[in-house]
Amino acid sequence: MTKSIVLTGITTTGTPHLGNYAGAIRPAIKASKDEQVRPFYFLADYHALIKCSEPARVKQSSLEIAATWLALGLDTSNAVFYRQSDVPEILELTWMLTCVTAKGLMNRAHAYKAAVAENEEAGGSDPDKGVTMGLFSYPILMAADILMFNANKVPVGKDQIQHIEMARDIAARFNHIYGEHFVLPEAVLEENAATLLGLDGRKMSKSYNNTIPLFEPEKKLRKLINKIKTNSLEPGEPKDPEGCTLFGIYQAFANHHEVDAIRQRYAEGIGWGEMKQVLFEKINDEIAPARERYEALLASPEHIEQQLQEGAEKARAISRPFIEQLRAAVGIAKLAG
């Protein structure tokens, strides 16, 4: 049986938080154990350079993210777990794809259009101010990530669907010119993925500085949960769980029976202090075992590096022969022998 290839990239620009865990990491860890598919997970460190020019941050984020996924039980015997920069064929493919990609297609990329719109709203004379070629053309690098391994499916949020469509367009153009080499990938919309609110009631995001890091020590975790914004309703007053940050986070960690019980407690007027204690205990019970493994992995970066190198070898067992095939297709080959 030919396994379906599912590919996910993880940008290395920050520390994983509860929103990352509930929305993407936890379902991906579960998928890594599915023997019906061949999952590819990679640290997108070249992508990180587009938005982050702090070398120490990119390196530390790579360490923390890799440690997080391994601590949470990523099955590296089934999944291919690697660092983007350890597979140089991806960058070579990026250039090949760049040479068949229309500039007009890149002009339509959401991130580029948003940057131009922001410059125009500011009244500047240069609509491309601050726009690097990395920002402008990163959908091509993303296409290379996907097409190098002929991924069948790419799980994404709604804001990333356009990039999968672009990858399909680029692959189809290459196939038209040079013959059938690429599978056209399909976006898998993560409609059921949890989206958690942060400390201030907005979506939990590093850009809002409102996150709760996944592996905070118990005391810090409790302190952060106690800082979550709530309304002024007193204990004993009925409360609406819908739109409540505390309830939304609890729902992402609890089973249906527990959620129903807490919903009833809201109707009975549970106090915010008590609810924050309930939430702390629920999160800590799930995270504590992995937190210990995470701390141990951070103290042994050589183990993490070994896992990434083993993943890179698995990836390159595919990428090396494939890039040779693509070189021949475009006419880049030895003249004799």
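Values in this document were obtained by computation on a predicted structure and should not be read as measured data.

Another aspect to go through is the pattern of salt bridges. Within the structure shown, the criterion is met by 14 salt bridges. A salt bridge links arginine 316 to glutamate 89, with the shortest nitrogen-to-oxygen separation between them at 2.6 Å. Within this pair, whereas arginine 316 is found in helix α13 (residues 301-330), its partner glutamate 89 is found in helix α4 (residues 89-98), the two being separated by 227 residues in sequence. Grouping residues by exposure puts arginine 316 and glutamate 89 together as buried. Linking lysine 282 and glutamate 258 is a salt bridge whose minimum nitrogen-to-oxygen distance equals 2.8 Å. A residue pair is termed long-range when its members are at least 10 positions apart, and lysine 282 in helix α12 (residues 272-298) and glutamate 258 in helix α11 (residues 256-268) qualify at 24 residues. Judged by its relative accessible area of 18%, lysine 282 is buried. Several salt bridges converge on common partners, so that one network encompasses Arg83, Asp86 and Glu305.

So, about the packing of helix α9 (residues 218-226) against α12. One way to put it is that α9 packs onto α12 with a least axis distance of 10 Å and a crossing angle of 145 degrees. Of the two elements, α9 crosses α12, and the hand of that crossing is right-handed. Residue-level inspection shows Glu218, Leu221, Arg222, Ile225 and Asn226 of α9 in contact with α12, the latter providing Lys276, Gln277, Leu279, Phe280, Ile283, Asn284 and Arg291. Of the residues contributing to the contact of α9 with α12, the split by class is five nonpolar, three polar and four charged.

What counts, and where the lines are drawn
Residues numbered from 1 in each chain as written. Predicted model: local features only at pLDDT ≥ 70, side-chain atom pairs only at ≥ 80, totals over all residues. Heavy atoms only, no water. Salt bridge = Lys/Arg side-chain N within 4 Å of Asp/Glu carboxyl O. Helix = DSSP H or I, 4+ residues; strand = E, 2+ residues; numbered from the N terminus. Buried < 20%, exposed > 50% of the residue type's maximum accessible area, 1.4 Å probe, protein only. Axes fitted to C-alpha atoms, helices over the stretch in contact; angles between N-to-C directions. Left-handed = near helix turned anticlockwise from the far one by under 90°. Contact = heavy atoms within 4.5 Å. Nonpolar A, V, L, I, M, F, W, Y, C, P; charged D, E, K, R; others polar.

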